[in-house]
Amino acid sequence: DSGVTQTPKHLITATGQRVTLRCSPRSGDLSVYWYQQSLDQGLQFLIQYYNGEERAKGNILERFSAQQFPDLHSELNLSSLELGDSALYFCASSYTGVTEAFFGQGTRLTVV
Amino acid sequence: AQKITQTQPGMFVQEKEAVTLDCTYDTSDQSYGLFWYKQPSSGEMIFLIYQGSYDEQNATEGRYSLNFQKARKSANLVISASQLGDSAMYFCAMRETSSGGSYIPTFGRGTSLIVHP
């Protein structure tokens with residue numbers, strides 16, 4: 001168990017809908033990363049938060065947004081969902097971001 | 001440009017033998033970190049080992065060791081005494097500095113390892 005908790009584990013929704021993925025980082029970790037893993041694109045970095053502030057953005061679509069709350073949990077919001085958004089979404093956390101990041105079990109999103 | 005290259009899409013090894021998974025990287029940073037993660041069929045990403053660019057000794061964690069050759073920009077993972085449970089996807093990753101000064105792990109495409117009994 002990495003100590004990073006992601007909910008829900010599985011999500012099936014229809015095109016055009018909006019969903020929220022939740023992540024609780026390891027106790028004491030200030031940095032949260034979101035990644036998308038699909039078969040054709042591999043593991044793609046979406047966005048990073050550090051102690052409540054956005055620190056870096058990767059290949060995140062405008063339909064996607066995220067935030068980190070004062071208690072350091074984070075949410076990834078995906079809207080106007082398309083079939084191509086079906087993927088495994090990971091949250092990872094790290095104390096400083098310098099050494100290893102620990103991953104949650106992922107949320108498998110299926111858009112139908 | 002691809003920052004992390006894993007050239008072996010699939011590898012096979014006999015149980016109890018050692019196996020090396022290749023990883024090369026590209027960076028102009030002086031300070032960087034290299035990681036290996038394991039992803040079994042259940043999907044979770046499991047951290048295995050970390051090597052900092054200034055670490056003089058190769059990192060080891062149990063049966064895992066990282067063969068770090070800085071001049072060649074390679075960070076190969078060596079798994080000794082393979083076990084059936086080692087069958088999984090293995091990802092090499094590099095911590096690189098974003099434009100905002102933050103550290104972002106960037107991942108290779110992975111190598112699928114199958115351990116035969």
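Before reading further, recall that the structure is shown in the block above.
Just so it is clear, the structure is predicted and the values come from calculations on it, not from any experiment.

Trainee: Any chance you could explain the overall build of chain A here in plain terms?
Mentor: Helix and strand counts for chain A stand at zero helices and 11 strands. In sequence order, chain A lays out its α and β elements as β-β-β-β-β-β-β-β-β-β-β. Over its C-alpha trace chain A gives a radius of gyration of 13 Å, about what one expects of a compact globule, namely 13 Å for 112 residues. Its C-alpha atoms put chain A at 35 × 30 × 25 Å along the principal axes. Sorting the 112 residues of chain A into buried and exposed places 51% on the buried side.

Trainee: Honestly, the packing of aromatic side chains in this entry has me stumped. Any pointers?
Mentor: The geometry of an aromatic ring pair is captured by the separation of the ring centres together with the interplanar angle, meaning the angle of the planes. Scanning all chains against the criterion turns up 16 aromatic pairs over all chains. For the pair Y35 of chain A and F103 of chain A, a centre-to-centre distance of 5.7 Å together with 40° between the ring planes defines the contact as tilted. Taken together, the positions of Y35 of chain A in strand β4 (residues 31-38) and F103 of chain A in strand β10 (residues 102-103) put the pair 68 residues apart, joining distant regions of the chain. For the pair Y35 of chain A and F103 of chain A, a shared accessibility class is recorded, and that class is buried. Look at F35 of chain B and Y50 of chain B: their rings are 5.1 Å apart centre to centre, the planes differ by 45°, and that puts the pair in the tilted class. Separated by 15 residues along the polypeptide, F35 of chain B in strand β5 (residues 33-39) and Y50 of chain B in strand β6 (residues 46-52) bring together distant segments of the chain. One exposure class covers both F35 of chain B and Y50 of chain B, and it is buried. Put simply, the rings of Y33, Y35, F45, F90, F102 and F103 of chain A together with F35, Y37, F47, Y50 and F107 of chain B pair up and form one aromatic cluster.

Trainee: Please clarify how the interface of chain A and chain B should be interpreted in this entry.
Mentor: How big an interface is tends to be stated in terms of accessible area lost as the parts join. The partner chain B presents 17 residues to the 23 residues of chain A that form the contact. For the pair chain A and chain B, the two sides together bury roughly 1,600 Å², of which 60% comes from carbon and sulfur. At the junction of chain A and chain B, the tally comes to zero salt bridges. One can count four residue pairs in polar contact (both at pLDDT 80 or more) joining chain A with chain B.

Trainee: Would you mind going over the nonpolar core with me for this structure?
Mentor: When a protein is soluble and globular, its nonpolar side chains tend to lie buried together. Counting residues in each nonpolar core, the largest one holds 25 residues, and the members touching the most others are Y25, W36, I49, L77, Y90 and L113 of chain B. Put simply, the parts of the chain that give this core at least two residues each are β2 (10-14), β3 (19-21), β5, β6, β8 (64-69), β9 (74-79), β10 (88-97) and β12 (111-116) of chain B. A total of four residues in this core trace back to one element, the largest contributor, which is β10 of chain B. The contacts of Y90 of chain B, once residues within four sequence positions are left out, are Q6, L21, W36, Y37, K38, L48, L77, I79, G110, T111 and L113 of chain B. Counting 21 residues, the second largest nonpolar core, distinct from the first, contains L81, C91, L109 and V111 of chain A.

Trainee: Help me out: how do you make sense of the state of the cysteines in this one?
Mentor: Covalent bonding between the sulfur atoms of two cysteines defines a disulfide. For the structure shown, the criterion picks out two disulfides over all chains. Covalently, C23 of chain A is tied to C91 of chain A through a disulfide, its sulfur atoms 1.8 Å apart. On the S-S bond that ties C23 of chain A to C91 of chain A, the torsion sits near -45°, and the link is left-handed. Of this pair, C23 of chain A sits in strand β3 (residues 19-24) while C91 of chain A sits in strand β9 (residues 87-94), and the two are 68 residues apart along the sequence. Accessibility assignment for this pair places C23 of chain A and C91 of chain A in one class, buried. The disulfide partner of C23 of chain B is C92 of chain B, and the gap between their sulfur atoms is 2.0 Å. Sign of the S-S torsion, about -65° for the bond between C23 of chain B and C92 of chain B, identifies this disulfide as left-handed.

Basis of the calculations
Residues numbered from 1 in each chain as written. Chains lettered and ligands numbered in written order. Predicted model: local features only at pLDDT ≥ 70, side-chain atom pairs only at ≥ 80, totals over all residues. Heavy atoms only, no water. Helix = DSSP H or I, 4+ residues; strand = E, 2+ residues; numbered from the N terminus. Rg over C-alpha atoms; globule rule 2.2 N^0.38 Å. Buried < 20%, exposed > 50% of the residue type's maximum accessible area, 1.4 Å probe, protein only. Phe/Tyr/Trp six-rings, centres within 6.5 Å; stacked < 30°, edge-to-face > 60°. Contact = heavy atoms within 4.5 Å. Buried area = accessible area lost by both parts, 1.4 Å probe. Salt bridge = Lys/Arg side-chain N within 4 Å of Asp/Glu carboxyl O. Polar contact = N/O pair within 3.5 Å; in protein donor to acceptor, adjacent residues only side chain to side chain. Core = buried A, V, L, I, M, F, W, Y, C linked by side-chain atoms within 4.5 Å. Disulfide = S-S within 2.5 Å.

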